[in-house]
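# Working through the structure, step by step
In case you want the letters, here they are:
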Amino acid sequence: MFLLNLSLDSKIHLAPMLEPVETLGGCVLTSSPTSPKCIIIFVLKNQNVMLHCRPKDKNWTKVKCNLSQEDFFDGEIVISKANLYARLTSSSRNCLVFTTIESLVTGTASWSSLWLDPYLNTFHNMPDQYLFRKQIVKHVVVSKEDVLLVVVLFYGRAVVEVCFFSFQIGEDGKPCWRREKGMNRCVFYLGGKNNMSFSINHDAMQHDCLYILRSYDEKELLYKIDMDDQTSVFKLIPDEVIMDRKNLCWIVPPRTRRIKKEIGTSSHMIRSIEEEENSSDISRQWADIPTDLLELLLSKLSLVDCIYIPTVCKSWSCVPNHLQEAKVWPWLMYCLKDSNLCKFIDPLYGKEYSMDLKFLGFDSDKIALHFSKDGWVLVSCGNGNNISISIINPFTRRVVKLPSCSLCSDSHSLSFSSVPTSPDFVVFGITFFALFTWRPGQEKWNDLNGSSNPGNFYFARNNPVFFLGEVYCLGRTGNLAVFDLETMECEVLDWPEPILSEKPAREKEDCYLMEIEGELISVFPNGGMEGSFRIFKLDQSEMDWIELDDLRDLTLFIDRRSSIAKRAPWESCANRIYFPRFDDDNKLGAFYSMETKKYYPKVYGLTEPLNCVWIEPNFNS
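Definitions and cut-offs
Residues numbered from 1 in each chain as written. Predicted model: local features only at pLDDT ≥ 70, side-chain atom pairs only at ≥ 80, totals over all residues. Heavy atoms only, no water. Helix = DSSP H or I, 4+ residues; strand = E, 2+ residues; numbered from the N terminus. Buried < 20%, exposed > 50% of the residue type's maximum accessible area, 1.4 Å probe, protein only. Contact = heavy atoms within 4.5 Å. Areas by Shrake-Rupley, 256 points an atom, 1.4 Å probe, with all protein chains shown as cover. Phe/Tyr/Trp six-rings, centres within 6.5 Å; stacked < 30°, edge-to-face > 60°. Lys NZ or Arg CZ within 6 Å of the ring centre and 35° of its normal. Patch = residues over 30% accessible without salt bridge, like charges linked within 9 Å, V, L, I, M, F, W, Y side chains within 5 Å. Salt bridge = Lys/Arg side-chain N within 4 Å of Asp/Glu carboxyl O. Pairing = 2+ DSSP bridges. Axes fitted to C-alpha atoms, helices over the stretch in contact; angles between N-to-C directions. Core = buried A, V, L, I, M, F, W, Y, C linked by side-chain atoms within 4.5 Å. pLDDT = per-residue confidence, 0-100. Polar contact = N/O pair within 3.5 Å; in protein donor to acceptor, adjacent residues only side chain to side chain.

### A few points about the overall build of the protein
- Counting secondary structure elements, the protein contains 4 helices and 46 strands.
- The buried share of the protein, taken over its 621 residues, is 52%.
- Sequence-distant contacts in the protein: of pairs separated by 6 or more residues, those separated by 24 or more amount to 49%.
- Of the roughly 30,800 Å² of accessible surface on the protein, a fraction of 48% belongs to carbon and sulfur atoms.

Following this line, the structure appears as structure tokens:
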């Protein structure tokens, strides 16, 4: 065993390691290995034992830590300010234990502990019951001498939210966790055999992002999570480059002086981030274009281009505005962190727009998007019992405020029937324990706890659909429950029969329900991240799911918050299923072609917002 310096290509040999390599967990050095004070410390996984030695020692010292019989180390270890911290796990508790390095070396260590569960009731994008679905990844890392707990909440392979907590000693002398707002201009590298943190002081270098290794669906994935943009990207680490999945680790490459500068952009209320082409070589004046040709061109333009047409020149402003006839399809909307800006991705044209949401008066750090319909979005701000709720049209800046509702923090499905100005407007929500509704004029939400929530029905985590005057909810196996808005009762239908013979694993339970032109369509993934899709249409006369081979002229935009089915604006984009992901280089949306049975542009390496919703642009007041 030896220490390797990659920059100098030199080695420092250590005492022979007698323990099996597979039992070795994380390793820390108290100082530079060239220092006589340097101590190398190993933790043994699934044991209550640590090893330590100095570079010139001939043997490793084995220390059995004074812990409970059921406690053992999970392999994660860090040091800060002369203290040693290690992750502890057992059948009954999940803790961080700590002691001084000196006491460990002298064999007099007395261990203190702190629970690793400070995050309950702190996530605002995921209901409490999902915290217990083994979708939480926790890592301890030292950043600027502070010990931090990084908690990443996943839903399947997707990142939902990230929280940071710093280790503190309270006024009562007891250890505790304190919620931190951000990463303080750092980059974290988490997972594998070690965790690392680097402080970024140069404005031209990206900061406030974290990289994390995660095993999912028998694959090893590398995630990059951008906390400023609130997006994530994951890439597949091919099996052929991994000799041993259990021994992946982060290393610091030799320093380089080259710094890649990022190009900044200015912000407007709504703008295209795509660079404008130089138009100086256009020989003819825009006003000279024949009217009939101009009208033909207008019919092919995007919605945003139609908005700006009248501003080009005086003659163009006299042409009938094609805004009403413009082809409209869903955009992907998501909010940035610590900013009042939200972004919109046009998945078909590959354009990105931004908009200022100051008119909401919300704390931008806590905004959550839940559902959209006809250009209106249901948003909330806060968590726990202090949640503000509004339905907004970001394009017209209209806001309809709803009563505060603590149930929204537990809700995994929200929906509303129509635009808020409609007389039959109603909001419907599902929690793990109850159903709830709200109508205009009510001072509080109607909690339908009890018989209204059928105990023998497993709600899938997708948006309910208002259909034929009732609310249809898709179950995890493909059966249906219907909520009657008049009787306020929920009934599990005997028909159609479930599509799946058994409930899928919770982390793979994604399925989607949507309505188009009086028809109900359901979508079920089939075969993991690179698998296909099964699509069904409800035969209302026979009450049976009919499987479809293709979508013909339909295009689907699916997400667990809001799924939309549309007639394709062009034949070239029909028969596709779009996801809430996009290629960061050209902003084109990611989709699955039902014709070729392939993903485009790829499966891995796509950008996915942490909290987003599909929305159909609506500029009508």
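### Quick word on the packing of aromatic side chains
- As enumerated under the stated definition, the model contains 39 aromatic pairs in all.
- Taking the centre distance of 6.4 Å and the plane angle of 75° together, the rings of Phe425 and Trp438 count as edge-to-face. You can see Phe425 sitting in the loop between strand 28 (413-416) and strand 29 (427-430) and its partner Trp438 sitting in strand 30 (residues 435-438), a full 13 residues away along the chain.
- For Phe425, a relative accessible area of 1% puts it in the buried group.
- Sitting above the plane of the Phe154 ring, Arg214 keeps its charged end 3.8 Å from the centroid.
- In this structure, Arg461 packs its charged tip against the face of Tyr155, placed 5.2 Å from the ring centre.

### So, a nonpolar patch on the surface
- A contiguous nonpolar patch, built from Phe2, Leu4, Leu6 and Ile251 and spanning about 380 Å² of accessible area, is present on the exposed surface.
- Among the structural elements, Phe2 can be located in strand 1 (residues 2-5).
- Judged by its relative accessible area of 39%, Phe2 falls in the partly exposed class.

### A closer look at the sheet that holds strand 33 (residues 470-474)
- Taken together, 4 strands build an open sheet; the order of strands is 32-33-34-35 and the sheet is antiparallel. A single partner strand is all that each edge strand has here, and the edge strands are strand 32 (465-467) and strand 35 (489-492). Averaged over all pairs of adjacent strands, the angle between their axes in this sheet comes to 30°, without regard to strand direction.
- Sheet topology places strand 32 next to strand 33; 3 bridges connect them, and they run antiparallel. Within strand 33, the position partnered with Val465 by the bridge is Tyr472.

### A word on the pairing of strand 36 (residues 512-516)
- The element strand 36 is extensively covered by neighbouring structure, given that 4 of its 5 residues are classed as buried.
- As judged from the 5 bridges shared by strand 36 and strand 37 (residues 519-526), these two strands associate in the antiparallel manner. Among the inter-strand pairings, Tyr512 is bridged to a residue of strand 37, identified as Val523.
- Taking the residues between adjacent antiparallel strands as the criterion, strand 36 and strand 37 are bridged by 2 residues, where Glu517 takes a positive phi near 50°.

### Some points on the environment of Glu502
- Secondary-structure assignment places Glu502 in the loop between strand 35 and strand 36.
- In the structure, Glu502 is positioned 26 residues away from Arg476 in sequence and 8.8 Å away in space, judged by C-alpha atoms.

### Let's talk about the sheet that holds strand 10 (residues 112-115)
- Across the sheet, 4 strands lie side by side as 7-8-9-10; this open sheet has antiparallel pairing. At either end of the open sheet lies a strand with only one pairing partner, and these are strand 7 (72-80) and strand 10. Each neighbouring strand pair of the sheet contributes to a mean axis angle of 25°, computed without reference to strand direction.
- Note that strand 8 (residues 83-89) and strand 9 (residues 94-100) share 7 bridges and pair antiparallel.

### Let's talk about the nonpolar core
- In terms of nonpolar packing, the biggest core is built from 44 residues, with Val150, Val162, Phe188, Leu210, Ile225, Leu556 and Ile577 touching the most fellow members.
- Residue contributions to this core peak at 4 residues, all from strand 12 (residues 146-155).
- Of all hydrophobic cores here, the second largest spans 33 residues; its members include Trp331, Tyr334, Val379 and Cys612.

### Overview of the confidence of the model for the protein
- Scored by pLDDT, the protein comes out at a mean of 83, with 79% of its residues at no less than 70.
- Ranking the elements of the protein by mean pLDDT puts strand 20 (residues 271-272) last with 45 and strand 40 (residues 554-557) first with 97.
- Contacts for the low-pLDDT stretch residues 124-134, under 50 throughout, to residues beyond four places or in other chains number 41 contacts.

### Here's the deal with the environment of Phe165
- In this structure, Phe165 sits in strand 13 (residues 158-169).
- Given a relative accessible area of 2%, Phe165 falls into the buried group.
- Placed 17 residues apart in sequence, Phe165 and Leu148 show a C-alpha to C-alpha distance of 5.5 Å.

### Focus: the side chain of Asn393
- Topologically, Asn393 is positioned in strand 26 (residues 386-393).
- Within the structure, Asn393 has its side chain in polar contact with the backbone oxygen of Asn618 (distance 3.2 Å).
- Ignoring any residue separated from it by four or fewer positions in sequence, one finds Asn393 in contact with Gly375, Trp376, Arg398, Asn618 and Asn620.

### Description of the environment of Trp570
- Structurally, Trp570 can be placed in the loop between strand 41 (564-567) and strand 42 (576-582).
- Distance in space between the C-alpha atoms of Trp570 and Thr555 is 10.0 Å, their sequence separation being 15 residues.
- Not counting residues up to four positions away in its chain, the partners in contact with Trp570 are Lys327, Trp329, Leu348 and Tyr349.

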